[in-house]
Amino acid sequence: MKKLISLAVASFFALGAWGESVSLDGEWDLSFWAQPRPKIDCPSKAKPEKTIKAKVPGNVEIDMLAAGIIDDPLVKDNVYKLRKYEGYQWLYSRTFTAPKLQDEARAILHLRGVDTLADIFINGKKVGSTDNMLIAHKLDITDFLKDGENKIEILLSSVVIEAYKHSYAMACTRVRHCDGLEVRKAPHMYGWDIMPRLVSAGIWKSVSIDVQKPEHLEDVFWLTNKLDVENKTARMTVQFRVATRFEKFDNLRYNIELKRNGKVFYSWKNNRMQSNNVRAQFNLEKVDFWWPRTMGEPALYEATLSLVDENGNVVDKDVRKIGIRIIALDYADVYPDKDGKFQFIINGKPMFAFGTNWVQVDGLHSRDEALIDQVLENMKDLNCNMVRCWGGNVYECDKFYEFCDENGIMIWQDFTMGCSLASQSDKFKKEIAYEVQQVVRRLRSHPSIAMWAGNNENDIALNWGFREFKIDPSRDEISRVVLPRVLFSEDITRPYLPSSPYVSPDVYSGKAKPSEDHLWGPRGYYKTPFYTESSAKFISEIGYHGCPNRESLEKMFSKDCVHPWGKGEKGIDFNHEWQCKAVTSFAWQKHGYEAGRNRLMARQTKIIFGDIPNDLDDFISASQFVQAEAKKYFIEMMRTKKGNKTGILWWNLRDGWPVISDSITDYYNSKKLAYYFIKRVQETTCVMINDNFEVLCANEKLTPRKVSVKVRDVDSGKVLLDLAEIEIDSNSLKKLATIEKQNGQGMLIIEYTVDGKKLENHYLYGKPPFKLDQCKKWVKALNIERN
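Structural notes, computed from the coordinates. Please read all numbers here as calculations on a predicted model, not as lab measurements. Each chain has its residues counted from 1, following the order in which its sequence is written. Per-residue local features of the predicted model are confined to residues with pLDDT of at least 70, and side-chain atom pairs are confined, for both listing and counting, to 80 or more; whole-chain, interface and lining totals are unaffected and use all residues. In computing side-chain properties, one takes all heavy atoms of the structure into account and sets aside hydrogens as well as water.

### Structural notes on unusual backbone geometry
Thinking step 1. Each neighbour pair has its own omega, and for Arg37 with Pro38 the value is -5°, a cis peptide bond.
Thinking step 2. Look at the link from Pro768 to Pro769: it is a cis peptide, with omega at 10°.
Thinking step 3. Under the DSSP-based scheme used, a helix requires at least four consecutive residues in state H or I and a strand at least two consecutive residues in state E, with every element numbered from the N terminus. For Pro769, the location among the structural elements is in the loop between β39 (757-765) and α16 (772-781).
Thinking step 4. A positive phi angle is found at Asp103, which is not glycine, with a value near 50°.
Thinking step 5. Given the relative accessible area of 53%, Asp103 is considered exposed.
Thinking step 6. Within the chain, Glu457 stands out as a residue other than glycine whose phi angle is a positive 65°.
Thinking step 7. Mapped onto the secondary structure, Glu457 falls in the loop between β28 (449-453) and α7 (458-461). Buried residues are those whose accessible area, probed at 1.4 Å on protein chains only, stays under 20% of the maximum for their type, while exposed residues exceed 50% and partly exposed ones sit between those limits.

This is the structure we're talking about:
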């Protein structure tokens, strides 16, 4: 059996190394059966229940739906009817013609995404196995090929049955779905509060057979050593590895070229190598730096690294876009006598971050790339300057990272673990170290990657199950030892956060509080001290529920269940389909239905309006108004304290499934009211009013801005402030005025211009309960064009 070779996959493959490529995407045969004991370990032993046509990339559920075997899992409670297929084996097969090989070239089977436990056979012989959905796998299959037609078979086994072999640490907190802890598969697939349980299988990314030439580039990494913004200079490094035959090495050279806007900016050619591991450093002048979108231009250079022979012929080359920038994190816990810090520093300049948490695009990940474009455009439209890739998801496709590079959106990248203690076994340590190495090598040249984070909420989750024992998260060797060791080897240019939120030794002992936190808590009124008096400098999760639009409800529910309550008590007795969309991990078990998230949404609505509307359209309007005001308030709460507060990443932009949640666009990309409110308060230069009726302007740009402001009451039309043009310093917060405190309830319109551009914001004043009809009138006065 051939071993797996290096799995590092760059965003842009080295162009010359891979000659002729044979795509294996398209139609395959898919056979399946309930996994027996012992499991089938060879395709020739299989006795399928059924064989159907399948598409690659794909998921088995999509193929079964197309074949009429299952109902659409997106609607009603159909997703929970898929439980029995968690115990199945799946066999993908097809034929192909092998590529022609010359000059000691090798044929590499490139599996970009296999979900999850797979044995791979070529012409009846096993060539390798995979056990990780989250990274690409490459197998050298040269010696298994024959001239003419060949056959490939990929045999998938049940991850759930495999999980039965494992026992779990006492400190494991994801007890309901601990079967996902030992298997490297997207955690959300075992069920989460934002996703149903959908333990899928399939070949979810493209497959090809690539021709690898014996001389080629590997592990290319472009980085910035230092820079001087004022003098526009920088020192850069590109490091890489050359795979080659010994007798060819002395005749090889490398060339470096940078282009900006199609013109050659820097060139360094015909360089000899002393070793096949190369580090080249060079100085640049008149540099355009990469900045987050709110601070400046995210300048990119086309960087080409070429491997050439003694005659100057290109043997291989790696082409990708890079940005010249340095990112640091100014971090300190919050102490009673010493304020904390959690601020990203870009090219020496402090940054205020605002943006969203990025979750799964779809529960069936083969659909991700087809759906991602609109989500990315929405993130840009909202002017997000940072996005946090949540640790319950897959690592996103290249398109995601390239988009963030091009649009100045910084990425906080969680490694894929969340809400529990990761296995501490030696076997798992090796597996996660290898996974992280491959992820880092794939992504580290992207200028948008701002920080690596060890996991989502593992530190705080350790005490969810055993609060009495107060478990110290510093004992977790994965986040404290294994991952830092990998990063020390693979990327020392970025900050690393062991967990989000991070429980440092002083936070654990009670001496301090975390400077970065997730603010969920009681989910009550959004102006309570839980939110307004939080000591956190940076909020990386915070949310508020909002009901989807009616057209989305009509897509996800059967006709009889669109109205949530039927004959039950409103806000309490949600019908069974609404309960399924709440959501819960084990709704396929009769005792597993939970309406808690629905009741939360209803309760939040009642807090603001004093009652829960029975009419569905009124309930949608009320719920969306509450969500919109809450999320707008959270962002303004942080931005109006710029300097003391340093960032907020709200939860979340879009649902990966038709559910009831905190998202501001649903699975069908239908925008809730909160989308439009957030867009207004995430302007680069924004005028806001706080609860003390202070009018403030936050400017994130690195240049001064000229602002004029008018504030008027919606109901009376009274003008409370009319400021002529005033200059706002770069990267600053300025108090413009304090207006007369307003009594009762109402809404103030803030009309302002920034360097001549007309913008608008608003401020809702008064204490609840409000009247829904009045709030509808106020929203109408905002002149928001919903689309």
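The discussion continues.
### Regarding helix α8 (residues 477-490)
Thinking step 1. A helix is expected to span 1.5 Å multiplied by its residue count minus one. The terminal C-alpha atoms of α8, which comprises 14 residues, lie 18 Å apart, in line with the 20 Å expected from a rise of 1.5 Å per residue.
Thinking step 2. The quantity called bend is, for any residue, the angle between two axes fitted respectively to the seven residues ending at it and the seven beginning at it. At Leu483, α8 is deflected by roughly 30°, the largest bend along its length, and proline Pro484 occurs up to four residues later in sequence.
Thinking step 3. Of the residues making up α8, those classed as buried are Ile478, Ser479, Arg480, Val482, Leu483, Val486, Leu487 and Glu490.
Thinking step 4. For α8, the secondary structure elements touched by its buried residues are β15 (216-228), α6 (426-443), β28, α7 and β29 (496-497).
Thinking step 5. Polar contact is the term for a pair of N or O atoms within 3.5 Å; when the atoms are in protein, one must be able to donate a hydrogen and the other to accept it, and sequence-neighboring residues count only if both atoms are side-chain atoms. Capping the start of α8 is the job of one residue whose side-chain oxygen sits 3.1 Å from the backbone nitrogen of Ile478: Asp476. Two residues qualify as a contact provided that any one of their heavy atoms is within 4.5 Å of a heavy atom in the partner residue.

### Focus: the packing of helix α14 (residues 616-639) against α16
Thinking step 1. To define axes, lines are fitted to C-alpha atoms, for helices over the stretch in contact only, and angles between the resulting N-to-C directions are given on a 0 to 180 degree scale. Between α14 and α16, the shortest axis-to-axis distance is 11 Å and the interhelical angle comes to 65°. Judged on the interaxial angle alone, α16 and α14 are roughly perpendicular. The crossing of α14 and α16 is left-handed. In this structure, α14 uses Asp618, Ser621, Ala622 and Phe625 to contact α16, whose residues at the interface are Leu772, Cys775, Lys776 and Val779.
Thinking step 2. In the contact of α14 with α16, the residues fall into five nonpolar, one polar and two charged. Here is the rule for angles: anything less than 35 degrees is roughly parallel, anything more than 145 is roughly antiparallel, 65 through 115 is roughly perpendicular, and the remaining ranges are oblique. A crossing counts as left-handed when the near helix is turned anticlockwise from the far one by less than a right angle, and as right-handed when that turn is clockwise. Gly falls in the polar group here, along with every residue not listed as nonpolar (Ala, Val, Leu, Ile, Met, Phe, Trp, Tyr, Cys, Pro) or charged (Asp, Glu, Lys, Arg).

### Comments concerning the side chain of Thr356
Thinking step 1. Checked against the element boundaries, Thr356 lands in strand β25 (residues 353-358).
Thinking step 2. Classification of Thr356 as buried rests on a relative accessible area of 0%.
Thinking step 3. Sequence-distant contacts of Thr356, defined by excluding residues within four places in its chain, comprise Met379, Cys384, Met386, Val387, Arg388, Leu649, Trp650, Asn652 and Leu653.

### Structural notes on the sheet that holds β29
Thinking step 1. Here, strands pair whenever DSSP counts at least two bridges between them. Judged by pairing direction, the sheet is parallel, and its eight strands sit side by side in the order β29-β28-β27-β26-β25-β32-β31-β30 without closing on themselves. Strands with a single pairing partner mark the edges of an open sheet, and in this sheet they are β29 and β30 (516-519).
Thinking step 2. As judged from the two bridges shared by β28 and β29, these two strands associate in the parallel manner. Within the sheet, the bridge partner assigned to Ala453 lies in β29 and is Leu497.
Thinking step 3. Its contacts with the sheet place helix α4 (residues 368-381) against β25 and β26 (386-389), and it is angled at close to 160° to β25.

### Description of the sheet that holds strand β35 (residues 705-713)
Thinking step 1. Strand order in this open sheet of four strands is β36-β35-β38-β39, and the pairing throughout is antiparallel. Each having just a single partner strand, β36 (719-728) and β39 make up the two edges of the open sheet. Across the sheet, the mean angle from the axis of one strand to that of its neighbour is 15°, orientation sign disregarded.
Thinking step 2. The pairing of β35 with β36 spans seven bridges and is classified as antiparallel. Looking at the pairing, Val709 lines up with Leu723 of β36.

### Structural notes on the pairing of strand β27 (residues 410-414)
Thinking step 1. In terms of burial, β27 is largely enclosed, as five of its five residues are buried.
Thinking step 2. Here β27 shows a buried face lined by Met410, Trp412 and Asp414 and a second buried face lined by Ile411 and Gln413.
Thinking step 3. The pairing of β26 with β27 spans four bridges and is parallel. Across the sheet, residue Val387 finds its bridge partner in β27, namely Ile411.
Thinking step 4. Clockwise travel from the first strand over the helix to the second, with the strands pointing away from the viewer, marks a crossover as right-handed. In the classification by handedness, the crossover that spans β26, the intervening helix α5 (residues 398-407) and the parallel β27 is right-handed.
Thinking step 5. Across four bridges, the pairing between β27 and β28 is parallel. Within β28, the position partnered with Trp412 by the bridge is Met451.
Thinking step 6. Handedness of the β-α-β unit built from β27, α6 and β28 comes out right-handed.

### Quick word on the pairing of β15
Thinking step 1. Pairing geometry for β15 and strand β16 (residues 233-243), over 10 bridges, is antiparallel. Along β16, the bridge assignment pairs Leu217 with Val242.
Thinking step 2. Counting the residues in the hairpin turn of β15 and β16 gives four residues, including Lys232, whose phi is positive at 55°.

### A closer look at the environment of Lys710
Thinking step 1. Take Lys710: it is sitting in strand β35.
Thinking step 2. Separated by 11 residues in sequence, Lys710 and Leu721 have C-alpha atoms that sit 5.3 Å apart.

### Here we look at the packing of aromatic side chains
Thinking step 1. Each Phe, Tyr or Trp ring (for Trp, its six-membered ring) is paired with any other whose centre lies within 6.5 Å, and the angle between the two planes then decides the class: stacked below 30 degrees, edge-to-face above 60, tilted in between. The full count for this structure, using the stated rule, is 41 aromatic pairs.
Thinking step 2. Geometrically, the ring pair formed by Tyr88 and Trp90 is tilted, given 5.8 Å between the ring centres and 35° between the ring planes.
Thinking step 3. The structure contains a cluster of three or more aromatic residues connected by ring pairs, namely Tyr525, Tyr526, Phe530, Tyr531, Tyr544, Tyr633 and Phe634.
Thinking step 4. We note Lys470 situated over the ring of Tyr508; from NZ or CZ to the ring centre the distance is 5.1 Å. Whether a charge lies above a ring is judged from NZ of Lys or CZ of Arg, which has to be within 6 Å of the ring centre and within 35 degrees of the ring normal.

### Describing the environment of Lys321
Thinking step 1. With respect to the helices and strands, Lys321 occurs in strand β21 (residues 314-322).
Thinking step 2. Assessed through its relative accessible area of 41%, Lys321 is described here as partly exposed.
Thinking step 3. Sequence separation between Lys321 and Ala299 is 22 residues, and the spatial gap between their C-alpha atoms is 9.8 Å.

### A look at the side chain of Asn456
Thinking step 1. Locating Asn456 in the fold gives a position in the loop between β28 and α7.
Thinking step 2. Residue Asn456 is classed as buried on the basis of its relative accessible area of 2%.
Thinking step 3. If sequence neighbours within four positions are ignored, Asn456 has contacts with Arg388, Trp390, Gly391, Asp414, Met417, Gly418, Cys419, Ser500, His518 and Glu541.

### Quick word on the pattern of salt bridges
Charged atoms that come close allow side chains of opposite charge to pair.
Thinking step 1. Each reported salt bridge corresponds to a side-chain nitrogen of Lys or Arg within 4 Å of a carboxyl oxygen of Asp or Glu. Inspection of the entire model under this criterion finds 52 salt bridges.
Thinking step 2. Here Asp193 and Arg597 are joined by a salt bridge, their closest N and O atoms 2.7 Å apart. Of this pair, Asp193 sits in the loop between β11 (190-192) and β12 (195-197) while Arg597 sits in helix α13 (residues 596-609), placing them 404 residues apart in sequence.
Thinking step 3. Residues participating in the shared-partner salt-bridge network are Asp103, Glu104, Glu215 and Arg245.

### A few points about the state of the cysteines
Thinking step 1. The term disulfide is used for any two cysteine sulfur atoms that are within 2.5 Å. Applying the stated criterion across every chain, the model contains zero disulfides.
Thinking step 2. The closest cysteine sulfur to the non-disulfide-bonded Cys404 is located on Cys389, 7.0 Å from its own sulfur.
Thinking step 3. Not part of a disulfide, Cys775 finds its nearest cysteine sulfur in Cys547, a span of 17 Å.

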